[in-house]
Amino acid sequence: ERPGKRGLNLGCGHMEIEGVPGLDLAKRGETGSGGRKFSEATNDLTADAATLPVADGSLDYIIAAHVFEHLLDPVATLSEWARALKPGGELLASLPNHGSVNTMLIDADRVHAFVPSSTRNLLEALGWDVTFCEAFDKSVAFGVIARRP
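These remarks concern the structure in this document. (Residues numbered from 1 in each chain as written. Predicted model: local features only at pLDDT ≥ 70, side-chain atom pairs only at ≥ 80, totals over all residues. Heavy atoms only, no water.)

**Side note on the packing of aromatic side chains**
With the rule as written, the count across this model stands at 2 aromatic pairs. With a centroid separation of 6.1 Å and 55° between ring planes, the pair formed by Phe68 and Trp81 is classed as tilted. Residue Phe68 is found in the loop between strand S4 (59-65) and helix H1 (74-84), and its partner Trp81 is found in helix H1; the two are separated by 13 residues along the sequence. Neither Phe68 nor Trp81 differs from the other in exposure class; each is buried. A ring pair is formed by Phe68 and Phe114, whose centres lie 5.1 Å apart and whose planes are at 45°; its orientation type is tilted. Here the residue Phe68 occupies a position in the loop between S4 and H1, and Phe114 occupies one in the loop between helix H2 (103-106) and helix H3 (116-125), the gap between them amounting to 46 residues. Phe114 matches Phe68 in its accessibility class, with the two residues each being buried. Within the aromatic cluster, the residues linked to one another by ring pairs are Phe68, Trp81 and Phe114. (Phe/Tyr/Trp six-rings, centres within 6.5 Å; stacked < 30°, edge-to-face > 60°. Helix = DSSP H or I, 4+ residues; strand = E, 2+ residues; numbered from the N terminus. Buried < 20%, exposed > 50% of the residue type's maximum accessible area, 1.4 Å probe, protein only.)

**Some points on the nonpolar core**
Residues Leu52, Trp81, Leu91 and Trp128 are the most contacted members of the largest nonpolar core, which totals 30 residues. Elements with a minimum of two residues in this core: strand S1 (7-10), S4, H1, strand S5 (85-96), H3, strand S6 (129-135) and strand S7 (141-147). For Trp128, the contacting residues outside a window of four places in its chain are Leu78, Trp81, Ala82, Leu85, Leu91, Leu123, Ala146, Arg147, Arg148 and Pro149. (Core = buried A, V, L, I, M, F, W, Y, C linked by side-chain atoms within 4.5 Å. Contact = heavy atoms within 4.5 Å.)

**Let's talk about the environment of Trp81**
On the accessibility criterion, Trp81 (1% relative accessible area) is buried. Along the primary structure Trp81 and Leu59 are separated by 22 residues, whereas in three dimensions their C-alpha atoms are 9.2 Å apart. For Trp81, the residues in contact, after removing those within four places along its chain, are Leu10, Ala49, Leu52, Ile62, Ala64, Phe68, Leu71, Leu91 and Trp128.

Below you can see the structure in the form of structure tokens.
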């Protein structure tokens, strides 16, 4: 939670963050696949993370925990997220690190595999200011913090 700031928790599934509205493709109460096989979605909004139902420049931050690897068109989605963010707005993301483990075998719903360097390169090529893009200690995931172009 960031007091006084407006954000969205994209692809939230059953992971709630106090004070941050959750958005998921699943309807509230539905189970899914991947990390949600046995847990019901607890989202506030039902929508696709690639087409956010918000006004231009209306968000201070976007949280996308293990969402990016499921996006059909990451380039178009990053443009959409930039549209929704205010100037200087932040993307806070975590992704499975394909450099540590074959992430595609773990979850058949993933359509892309990323490592920190490829993610940084993609974001920077699209004009994002990447302030953090590193593997978490002893983890098969990595985190990203980037500011809107």
